[in-house]
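# Structure at a glance
Residues per chain, in single letters:
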Amino acid sequence: MLDAWRRWWRLCFRGQDPGCPNQPKPHTTRSVAVLMSTVGVAIGLLLALLEIDRLIASIPDQSARVASLGEVTGPMALSVADRWARWAPNPDVPVSVAELARIYASIDFVFIVAYAFGFFLLLRRGWLSRVAVVALTVVVTADLVENAILLWVLDPDLSDTSGLVRYAIATSATVKWVALLSAVVAIVRNERTRAVLARAARLAGTGLRWQRVTAVALALLAVLSLVPLGDLFDQLPDVQRQWLDSLPGLARQLGAAALSTALFTVAAFYVGRRRSERAHKFYVSHEELDESPLVGWLVVLALFGAVGGSVLVAVGGDGRWIDHRQIWTFLSVVLGAVVVSVFFRCLGPRTQKWAPRVDISAEEDDGRAQAVRWTGDVLAIATLVIGCLSLVRSMTVVLVLPPTAEGRSGWATGLVVGAAAVLVVVPFVSFKLIERVQGAAVLDVTEYRPRSGRVVDTAVGLVAVVVALAFALFPICLGGLIGVTATTGILLAAWIVVLGLLVVHTQYHQPLEFFRFFRLQATPVLTLLVAIGIANAWAGGDRDLHALRLTGGTGTERVPPQVLLEDWARRSVPCDRLAADLKVRPMVLVAAAGGGIRASYWTENALRSLRIDPLRAIEADCAANAPVVSSGVSGGSVGLTLSRGHAAEPEDASTGLSQPDALAAATAGLLDADAVGNLTGLRVPSYAPDGTWDWRDRAALMEQVWERAAPDLLQTYPDGIGAPTGALVLNSTDAISGCRVLVSQVAWPGTTGTGCDDTSPRIGASVDLGTLLACRTDRPRWSTAAMLSARFPFVTPAGRTTSCPEQGKAPRALQLVDGGYAEGSGLGTLADIAPTVMTIVQRHNAAVLGGTLPGRLAGAPNSVIVPVVVFLDNHFGGDVLAEAPTAAVEAIVPLEGRSALDVQAGQQAWLQRLAIAVANPCDATEDERCRRAIAAVHASSGGVVTVAPSTQPAVAAPLGWVLSNDSRHYLDYALPAFDATRPDEARRGLSFLQSLLRNQP
């Protein structure tokens, strides 16, 4: 390798070697395998580096500031060299910056070797300019120097690194990035290089256009599993980390994931070869195609109509499993194309005739045909590569952090080593296998025999349809058996086969005259399906496809605020405490932010930590009964619902909900039955573990799994006001009107009517679900009520229903989505209902302090009530000091100024509003006794307390519906236990609340 590099450097670079090629060498399977292996290894190393850097960026110093290695070695390294001072040793974190930096630098050396070899492969192609070669050589050299200095200076206290060393590293990093930019400019400016890249781009575009079904599916998997960002992008990696929670689960889910990846690869390869065969005929053979048989189209329509009619007869015409309007839309689009084609065919030669495409260059056409074949083969192999890369990304943090359970690091090491080995070997093995099998009749793109090929296609297509039907009928059982990853891979593979083969076989014939009129060379099957979907959406969609689950049961009526506070006063007696000569009682108003199952787990455990005293192993009656009302959004609503009624004994229902069964069932619904129902109007009934068959969309499937994990969710809304949450106010959003929809146990004033577009005094832009459904005799279960607030985008659909009609008005259609669309913290609703609560509290306190009876709450006749707002925030980084904003360039001030909207509508602004709302519970009277009561409860908190996880290097809990043991361990560790011996924490967050609500002196 070094000899070859020297030869190219000294001879080709100087133009003295006549053997230097003037044209790039043609691709061979070996060269492509080497390139794929090199790129795969380099990306895997890069992902590991980025994950480690995320951990480094989560270690705050004593001033709550953070920095990452990516910053101090990035393009702006010279301007941030002072950030080394933020890496002082922190005894409160489980791993130091120096340890992570040492691992980072070691991996970076291997990464440099990998991308340097990639540069060498480009150099051998012979189309890089001299300037580009020099620039790339400088990139490698500067990166090696930077990494060598970094390893040399590493010690436990990186903040003591001398300024000379810091600027030496920053200078090397700057040289590296400037050289890389120079290489890019040199490549773009070189005419010959531009020609090579332009031709490669054209061929790649042609290949991806022909293989677009596989490319889109593969891109979706790559984005969700490889993008090194947090929240939503951490979900699939955490699903894979969840495999390590148990050895049987690891064997079952890893085996299922490997099988699904293999099936996806085989499906992508087979469909890719079938598409390549059509591309060869299109670009090279220019074969005449037969007239499109109208009989085939009519047979398809007849079969579809027969299926729809059979379903309609089977259910007695009640419309549960079929939507007549969508079926007619589907039939009309297809039948309309057929009818117009019949009309054109009857006109004879006056219609647009089809002719095979003839390109200007036979050589270019042959290149395009080969590009389609290469693209299909590479996409198939890339499936295996992406699967291995996802394991590298998900397991890296498990390897570099202290293990959370015995044997966990060993299994993670085995997975990473195995994935790395497969990354190196799989391109070579795959291309060898392709060379062996491509001579088969159905895989040879130049000698394809239609009759035998159609038999194989039919068999493969039927298998794919059976697989898709099985998941539509048994989504909960199959999804829970094989997990999220395998469910996603198998269903995507099935749809690749079905759609790919459908496209191929419609293109054996000329397009219908209707499509030929628009000068199309082939029948646009995928475009036709998209058009049907758009037509259905334009018509309003199937209103019952995602209808709310209403049980037919009856529940208690919602209570007015006065009754709520009287009930709270009776059960919160243990909260009374003396402040001088005054009896004081804290009242807690809770807001739980959204964040998927992470928010649910954090909310449930925070409430349990308040009421369970680990020092005395007893229940804290005050902490259980102090909350009067709790407002939740998305996962926070789920956590509040799970906590509802569990004051006597702790429950850990969120752990059950965080298992992969619910997300696997929802994924099966999303990729299968819901997609078919949206397109055709046919709703495939599914089997539930309770033995029933019925249509269930993906939200209903998740609700069923939740009910099995937490049976209390089977109870009817709005039953069950009590400890430890008080009355629940779950927040949803109507996507049609934009109104906030309160799923509340309390009939708050200002939520009457079915719309929020009037000017009457009301809770801002809000309506109440109880009012909307007041005329209905059936009620939702608590699982459905919680899901209304947690209908996460794409994972779960908008819930459809109609409101009760108002006098002189028609019923309103509602599409209920996640409450986070309107406001994601739950604080907004709490701020809107706080005045109602405070009016009752002020009237009560005025009566107590004034010695009068009217207005007092019966359960607290002599107690001054002081409200406290508790915000359960599950998001990370809230304790990190943000960089001070700087003045923007005048030209972009109009854009930068838009950030003011986020500040004014952000959770900090809501907390400030709530602090004002609860600041004076004594009706604005200047009473010394009231001031003492407020001081006894609020202390230095200002009446608002935030309970949020501290920032630390750990497996980040994702924004989704699955949590691994590593993620739960981090959330548990981030929830500090109460320690009465540490007065420095007595006024901070959870410790302050524990001290207040357990009657600590």
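Notes on the structure follow.

Quick notes on the rules
- Here the residue numbering is sequential within each chain, running from 1 through the sequence in written order.
- The predicted origin of the model limits local features to residues at a pLDDT of at least 70 and limits the giving and counting of side-chain atom pairs to 80 or more, whereas totals for whole chains, interfaces and linings rest on all residues.
- Side-chain numbers come from the whole structure's heavy atoms, not from hydrogens or water.
- Numbering of helices and strands runs from the N terminus, with a helix taken as a DSSP run of H or I at least four residues long and a strand as a DSSP run of E at least two residues long.
- Under the scheme applied here, a residue whose accessible area is under 20% of the maximum for its type counts as buried, over 50% as exposed, and between as partly exposed, the area being computed with a 1.4 Å probe on protein chains only.
- By the convention used here, residues are in contact when the closest approach between their heavy atoms is within 4.5 Å.
- In this description, accessible areas are obtained by the Shrake-Rupley approach with a 1.4 Å probe, and a residue is regarded as covered only by the protein chains that are shown.
- The definition of a nonpolar core used throughout is a set of buried Ala, Val, Leu, Ile, Met, Phe, Trp, Tyr and Cys residues joined through side-chain atoms within 4.5 Å.
- To get an axis, fit a line to the C-alpha atoms, keeping to the stretch in contact for a helix; angles then go from 0 to 180 degrees between the N-to-C directions.
- Here roughly perpendicular refers to angles of 65 to 115 degrees, roughly parallel to angles under 35, roughly antiparallel to angles over 145, and oblique to all remaining angles.
- Put simply, a crossing is left-handed when the front helix is turned counterclockwise from the back one by less than a right angle, and right-handed when it is turned clockwise.
- Polar here means any residue other than Ala, Val, Leu, Ile, Met, Phe, Trp, Tyr, Cys and Pro, which are nonpolar, and Asp, Glu, Lys and Arg, which are charged; Gly is therefore polar.
- By definition, no residue in a patch forms a salt bridge, and every one has over 30% relative accessible area; like charges are joined within 9 Å, nonpolar side chains (Val, Leu, Ile, Met, Phe, Trp, Tyr) within 5 Å.
- Criterion for a salt bridge: a side-chain nitrogen of Lys or Arg within 4 Å of a carboxyl oxygen of Asp or Glu.

With that out of the way, let us pick up the overall build of the chain. Along its length, the chain carries 35 helices and 14 strands. Classification of the 1001 residues of the chain by burial places 53% in the buried group. The long-range share in the chain, meaning contacts at least 24 apart out of those at least 6 apart in sequence, stands at 80%. Accessible area for the chain stands at about 42700 Å²; split by element, carbon and sulfur atoms hold 64% of it.

Now for the nonpolar core. Among the nonpolar cores identified, the biggest contains 195 residues, and Trp87, Trp706 and Trp961 are the most heavily contacted of them. Here this core gets 15 residues from one element, more than from any other, and that element is helix H13 (residues 362-400). In this structure, Ala591, Val629, Ile865 and Leu911 belong to the second largest nonpolar core, which totals 35 residues.

This paragraph deals with the packing of helix H5 (residues 130-153) against helix H6 (residues 163-189). The packing of two helices is summarised by the inter-axis angle and the distance between the axes. Orientation of H5 relative to H6, taken along the N-to-C sense of each, is 160°, at an axis distance of 8 Å. If you check the angle between H5 and H6, you find them roughly antiparallel. In this structure, H5 crosses over H6, and the sense of that crossing is left-handed. Partitioned by chemical class, the residues of the contact of H5 with H6 number 21 nonpolar, two polar and three charged.

Right, let's get into a nonpolar patch on the surface. Taken together, Trp177, Leu180, Val184 and Val188 make up a surface patch of nonpolar side chains, about 320 Å² in accessible area. Residue placement: tryptophan 177 occurs in helix H6. Look at tryptophan 177 and you get partly exposed, because its relative accessible area is 34%.

Here the focus is the environment of isoleucine 52. Within the secondary structure, isoleucine 52 is located in helix H2 (residues 29-56). C-alpha of isoleucine 52 to C-alpha of leucine 69: the two residues are 17 residues apart in sequence and 9.3 Å apart in space. Ignoring any residue separated from it by four or fewer positions in sequence, one finds isoleucine 52 in contact with Leu100, Ile103, Tyr104, Ile107, Thr396 and Val400.

Let us now look at the packing of helix H8 (residues 212-226) against helix H16 (residues 475-506). Orientation of H8 relative to H16, taken along the N-to-C sense of each, is 165°, at an axis distance of 9 Å. Accordingly, the angle class assigned to the pair H8 and H16 is roughly antiparallel. Regarding H8 and H16, the two cross each other, and that crossing is right-handed. Together, Val213, Thr214, Ala217 and Leu221 of H8 and Thr488, Leu492, Ile496 and Leu499 of H16 make up the contact between the two elements.

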